[in-house]
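As a plain string of letters, each chain reads:
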Amino acid sequence: MNDTTAQFEHSNSISWVGLPPLEIFHCGVPDWVQELFQQQPASAATAGQSDDYLILAWPADFPLQELAFPTHLGRHTQRAVIATCLDTTPSGFDIHFRYFAPQYSSVEDAATGSAMRVLADYWQPQRGDSLRAWQCSPQGGELLSRREPEITWVGGHMLCENGEGADEES
């Protein structure tokens, strides 16, 4: 991952990838965002290099699944866009998110560990060192994170090619 060494763990049927934390830079919401999404987020931030991530945060419980797909995203930014909001319902999730990167041939990922890494670092000041997230893609996906001082862990249940979960011996 861009010359970054990752750590791996597997426990209690969850596979974890550990990477160094990312620095998050809060910024203004770009003018083009409302044009593409028809809804104005409450805040924005960036992570990584100029072609890495733009985080757009909507108010709590915003229905992210209703956001229109940003068909001309690549005209405005080379960053992947992570749309996110807090979940304050009794669902058991801390946050929801969607991941858009059509300029990298990823119209919308079903479950995106790299985006979860970014969100673990983004939400940590408000939500603490662990998150349970629902990715609101059409397929849906649950991801987990936990933060340690020098590492951000992203986890989830790994599926095999046959669609079944991997067992402890895999």
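From a predicted model like this one, the values you see are computed outputs, not experimental measurements. (Residues numbered from 1 in each chain as written. Predicted model: local features only at pLDDT ≥ 70, side-chain atom pairs only at ≥ 80, totals over all residues. Heavy atoms only, no water.)

Peer 1: What is the right way to read the pairing of strand 5 (residues 53-57) from this model?
Peer 2: Look at any regular strand and the pattern is simple: side chains alternate between the two faces of the sheet. Buried residues dominate strand 5, accounting for five of its five residues. Across the two faces of strand 5 the burial is the same, with Y53, I55 and A57 and L54 and L56 all buried. Turn length for the strand 4 (residues 43-47)-strand 5 hairpin, with the two strands adjacent in sequence and antiparallel, is five residues, and the turn residue G48 shows positive phi of about 80 degrees. In this sheet, strand 6 (residues 80-86) lies alongside strand 5 in parallel orientation, the contact comprising five bridges. Bridge pairing links L54 to V81 in strand 6. (Buried < 20%, exposed > 50% of the residue type's maximum accessible area, 1.4 Å probe, protein only. Helix = DSSP H or I, 4+ residues; strand = E, 2+ residues; numbered from the N terminus. Pairing = 2+ DSSP bridges.)

Peer 1: Help me understand the side chain of T112, please; the structure alone is not making it clear to me.
Peer 2: Along the chain, T112 falls in the loop between strand 8 (106-108) and helix 2 (113-127). If we skip the residues at most four places from it in the chain, T112 touches F97, Y99, Q135 and L143. (Contact = heavy atoms within 4.5 Å.)

Peer 1: What is the right way to look at helix 2 in this model?
Peer 2: A turn of α-helix holds 3.6 residues, and therefore any two residues three or four places apart point the same way. The end-to-end C-alpha distance of helix 2, which contains 15 residues, comes to just 18 Å, noticeably less than the 21 Å that a straight helix rising 1.5 Å per residue would cover. Those residues of helix 2 that fall on the buried side of the exposure criterion are A115, M116, R117, V118, L119, A120, D121, Y122 and W123. Just beyond helix 2, the residue with positive phi is G128, at close to 90 degrees. (Expected span 1.5 Å × (residues − 1).)

Peer 1: Even after reading the chapter, I still don't get the nonpolar core, so can you show me in this structure?
Peer 2: Soluble globular proteins tend to bury their nonpolar side chains together. With 23 residues, the main nonpolar core has I82, F97, L119 and Y122 as its most contacted residues. When residues of this core are traced back to their parent elements, those giving at least two are strand 4, strand 5, strand 6, strand 7 (95-101), helix 2 and strand 9 (130-135). (Core = buried A, V, L, I, M, F, W, Y, C linked by side-chain atoms within 4.5 Å.)

Peer 1: Help me understand the packing of aromatic side chains in this model?
Peer 2: Aromatic rings considered in pairs are described by the distance between their centres and by the relative angle of their planes. In the structure shown here, the tally under the stated rule is six aromatic pairs. Consider the rings of F37 and F100, whose centres lie 5.8 Å apart with planes at 50 degrees: the pair is tilted. Residue F37 is located in helix 1 (residues 32-37), and its partner F100 is located in strand 7; the two are separated by 63 residues in the primary sequence. In terms of burial, F37 and F100 fall into one category: buried. Note on Y122 and W123: the rings are 5.0 Å apart at their centroids and 85 degrees apart in plane angle, and the pair reads as edge-to-face. Overall, the relative accessible area of 9% leaves Y122 in the buried class. Aromatic ring contacts, followed pair by pair, group F37, W58, F62, F69 and F100 into a single cluster. Stacked on the ring of F93, the Lys or Arg R132 has its end atom at 4.1 Å from the ring centre. (Phe/Tyr/Trp six-rings, centres within 6.5 Å; stacked < 30°, edge-to-face > 60°. Lys NZ or Arg CZ within 6 Å of the ring centre and 35° of its normal.)

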